[in-house]
Amino acid sequence: MAMEKFLLEKIEEWVRRGLISPEQADLLRQDETEGEHMPRAHRVKTDEILVYLGSLIIFLAIAFLVGLNWQPLGSTARILSVALPTVCMLALGQWLRGSTSSRLQRGAQALWLGGCLVSGVAFGVIVYELALIDCSKLHEIGPSHLLFVISCLLATCLAGAAFILLNTVTQSIVFHLCGSATLLTFVGWLGYQLVSFSSFYKNLVFLALGLAIAGLWLALSEWLLSRERKDLIRVSRMFGALTVLGFTLVLVMQEYGMLWQEVVMASIAFLADLSFTIASVRWQSQTFLYSGAAGLLVLITYLTVEHSTGRIGMPIALLIIGALFIGLGLGTKQLIKRVRKSG
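Asker: How should I be thinking about the overall build of the protein in this particular structure?
Answerer: Within the protein, the regular secondary structure consists of 14 helices and zero strands. Taken from N to C terminus, the helices and strands of the protein fall in the order α-α-α-α-α-α-α-α-α-α-α-α-α-α. Counting across all 343 residues of the protein, residues that qualify as buried make up 35%. Across the protein, contacts joining residues at least 24 apart in sequence account for 63% of those joining residues at least 6 apart.

Below is the structure:
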């Protein structure tokens, strides 16, 4: 309480000295005064945890029961066994969404989370059972089949609608997860279609797709920034950074026929990691800083271990990693100072 009083007095002093505007002072007071009450309001109690666990166990029991009797069930019964739970979760979540109780609103988030994730399975079963596409090669190519792409895409559309109706971190994560699943399944399907292409050019196409989706995530984060939704910005930035760095790093680890192709892929990965590290200063983002630094660490370690012919490679890698850790620590300190100064 003494610290809170001291900070409130300092805020008043900053306003008198013209260091911050009255509007900024109101926001600071609101953050400070609500800081003690927010944890209590949003604390997850034991009874809520038990309710969530019980609901999850019941859902798993129903899933296992349906799975054990999947073959004897007819086509209509299979569709209903996955469609009805999905519709029920979404409908109940919609009903709870309008409640004034924070506990019931969290229940709506949990129901919509489960409904959006299960909808991917429901859409897949519906498309398969109604024979809307040719599924004759489903068992042959597995996750690379178009069925998985369509299921994930429809689930992404549903999760996007849920995110628009309920702007919470939970729905944002579900939306980004479904979108990422759509990207990965589409890459698998496209890889099956481009089987005659060389691995280098095929991976360039995959990289372009990954960068395009990452660009959408980062564009969404900028739009959320303009709407001052700081709680949602981190999710979009994290998925954008992980998409870029994940695609570049995985493609570096692939086998290529010529040395210049490996150099090109490694250079792209290095520039991507470095770009996020530099962008962290421009956007004042620790997410970009940590992602870029971690990407550099993993990339340099992999390249050093993979291509070192003698024992000297490992000490060099450790020296570079140690220097990067020091740079990361110093960069984080400077970034925090700049954030506080700009605030």
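Let us keep going from here.
Asker: Even after reading the chapter, I still don't get the pattern of salt bridges, so can you show me in this structure?
Answerer: Pairing between side chains of opposite charge can happen when their charged atoms approach one another. Evaluated as defined, the whole model comprises two salt bridges. Where Glu-129 meets Arg-78, a salt bridge forms, and the shortest distance between an N and an O atom there is 3.2 Å. Residue Glu-129 is found in helix H6 (residues 102-129), and its partner Arg-78 is found in helix H5 (residues 75-97); the two are separated by 51 residues along the sequence. Of the two residues, Glu-129 and Arg-78, both sit in the buried class. Between Glu-222 and Arg-237 there is a salt bridge, with the nearest N and O atoms lying 3.8 Å from each other. Of this pair, Glu-222 sits in helix H10 (residues 199-226) while Arg-237 sits in helix H11 (residues 230-252), and the two are 15 residues apart along the sequence. The class of Arg-237 is buried, set by a relative accessible area of 8%.

Asker: Would you explain the confidence of the model for the protein in this entry?
Answerer: Segments scoring low in pLDDT should not have their predicted coordinates read at a detailed level. Taken over all residues, the pLDDT of the protein has a mean of 81, while the share at 70 or more is 80%. Taken as a whole, residues 35-44 scores under 50 in pLDDT and shows seven contacts with residues more than four places along the chain or in a different chain.

Asker: Just to check I follow, could you spell out the side chain of Gln-171 for this structure?
Answerer: Within the secondary structure layout, Gln-171 lies in helix H9 (residues 169-193). Classification of Gln-171 as buried rests on a relative accessible area of 0%.

Asker: What is the right way to look at unusual backbone geometry in this model?
Answerer: Glycine aside, residues mostly have negative phi angles, and peptide bonds mostly take the trans form. Positive phi is not limited to glycine here, since Ala-131 has a value of about 55 degrees. Among the structural elements, Ala-131 can be located in the loop between H6 and helix H7 (138-141).

Asker: Sorry, what's going on with the packing of H10 against helix H12 (residues 259-282) here?
Answerer: Packed helix pairs are specified by the crossing angle of their axes together with the interaxial distance, meaning the distance between the axes. At a minimum axis distance of 11 Å, the contact between H10 and H12 shows a crossing angle of 10 degrees. Taken together, H10 and H12 sit at an angle that is classed as roughly parallel. Judged by residue contacts, Phe-200, Tyr-201, Asn-203, Leu-204, Leu-207 and Leu-218 of H10 engage Trp-260, Gln-261, Val-264, Met-265, Ile-268 and Phe-276 from H12. Of the residues in the contact of H10 with H12, the class split is 10 nonpolar, two polar and no charged.

Asker: When you look at the side chain of Ser-291 in this model, what are you seeing that I'm missing?
Answerer: Looking at the element boundaries, Ser-291 is found in helix H13 (residues 286-307). A polar atom in the side chain of Ser-291 sits 2.7 Å from the backbone oxygen of Thr-287. Residues within four places of Ser-291 in sequence aside, it is in contact with Ala-241 and Leu-245.

Asker: For this particular structure, what's the right way to read the nonpolar core?
Answerer: Among the nonpolar cores identified, the biggest contains 17 residues, and Cys-116, Ala-159, Val-174, Phe-175, Cys-178 and Leu-224 are the most heavily contacted of them. Of all elements in the fold, only H6, helix H8 (146-165), H9, H10 and H11 reach the threshold of two or more residues within this core. Look past the residues within four positions of Phe-175 in its chain and what remains in contact with it is Thr-156, Ala-159, Gly-160, Phe-163, Trp-217 and Leu-220. Formed by 15 residues, the second largest nonpolar core is a distinct cluster that contains Leu-194, Leu-207, Leu-251 and Tyr-256.

Asker: Can you help me understand the packing of aromatic side chains in this one?
Answerer: To describe a pair of aromatic rings, one takes the distance between the centres and the angle between the planes. Applying the stated criterion across every chain, the model contains seven aromatic pairs. Here Phe-200 and Tyr-256 contribute two aromatic rings whose centre-to-centre distance is 6.2 Å and whose plane-to-plane angle is 80 degrees, an arrangement assigned as edge-to-face. Highlighted residues: Phe-200 in helix H10 and Tyr-256 in the loop between H11 and H12, separated in sequence by 56 residues. The exposure class assigned to Tyr-256 is buried, which follows from its relative accessible area of 8%. Three or more aromatic residues joined by ring pairs make a cluster, and in this case those are Phe-200, Tyr-201, Tyr-256 and Trp-260.

Asker: I tried to follow the environment of Ile-233 on my own but got confused; where do I start?
Answerer: With respect to the helices and strands, the residue Ile-233 is situated in helix H11. For the pair Ile-233 and Leu-220, spaced 13 residues apart in sequence, the C-alpha separation works out to 8.0 Å. With residues near it in sequence (within four places) discarded, Ile-233 still touches Ser-221, Leu-224 and Leu-225.

Asker: Any chance you could explain a nonpolar patch on the surface here in plain terms?
Answerer: A contiguous nonpolar surface patch, about 450 Å² in accessible area, is contributed by Phe-197, Tyr-201, Met-258 and Trp-260. Summarising the element assignment, Trp-260 is placed in helix H12.

Asker: Looking at this structure, I do not really get the packing of H10 against H11. What am I missing?
Answerer: Closest axis-to-axis distance for the H10/H11 pair is 8 Å, and the angle between their directions is 165 degrees. Put simply, H10 runs roughly antiparallel to H11. Crossing of H10 against H11: the hand is left-handed. Among the residues forming the contact of H10 with H11, the class breakdown is 15 nonpolar, seven polar and two charged.

Conventions we followed
Residues numbered from 1 in each chain as written. Predicted model: local features only at pLDDT ≥ 70, side-chain atom pairs only at ≥ 80, totals over all residues. Heavy atoms only, no water. Helix = DSSP H or I, 4+ residues; strand = E, 2+ residues; numbered from the N terminus. Buried < 20%, exposed > 50% of the residue type's maximum accessible area, 1.4 Å probe, protein only. Contact = heavy atoms within 4.5 Å. Salt bridge = Lys/Arg side-chain N within 4 Å of Asp/Glu carboxyl O. pLDDT = per-residue confidence, 0-100. Axes fitted to C-alpha atoms, helices over the stretch in contact; angles between N-to-C directions. Parallel < 35°, antiparallel > 145°, perpendicular 65-115°, else oblique. Nonpolar A, V, L, I, M, F, W, Y, C, P; charged D, E, K, R; others polar. Polar contact = N/O pair within 3.5 Å; in protein donor to acceptor, adjacent residues only side chain to side chain. Core = buried A, V, L, I, M, F, W, Y, C linked by side-chain atoms within 4.5 Å. Phe/Tyr/Trp six-rings, centres within 6.5 Å; stacked < 30°, edge-to-face > 60°. Patch = residues over 30% accessible without salt bridge, like charges linked within 9 Å, V, L, I, M, F, W, Y side chains within 5 Å. Areas by Shrake-Rupley, 256 points an atom, 1.4 Å probe, with all protein chains shown as cover. Left-handed = near helix turned anticlockwise from the far one by under 90°.

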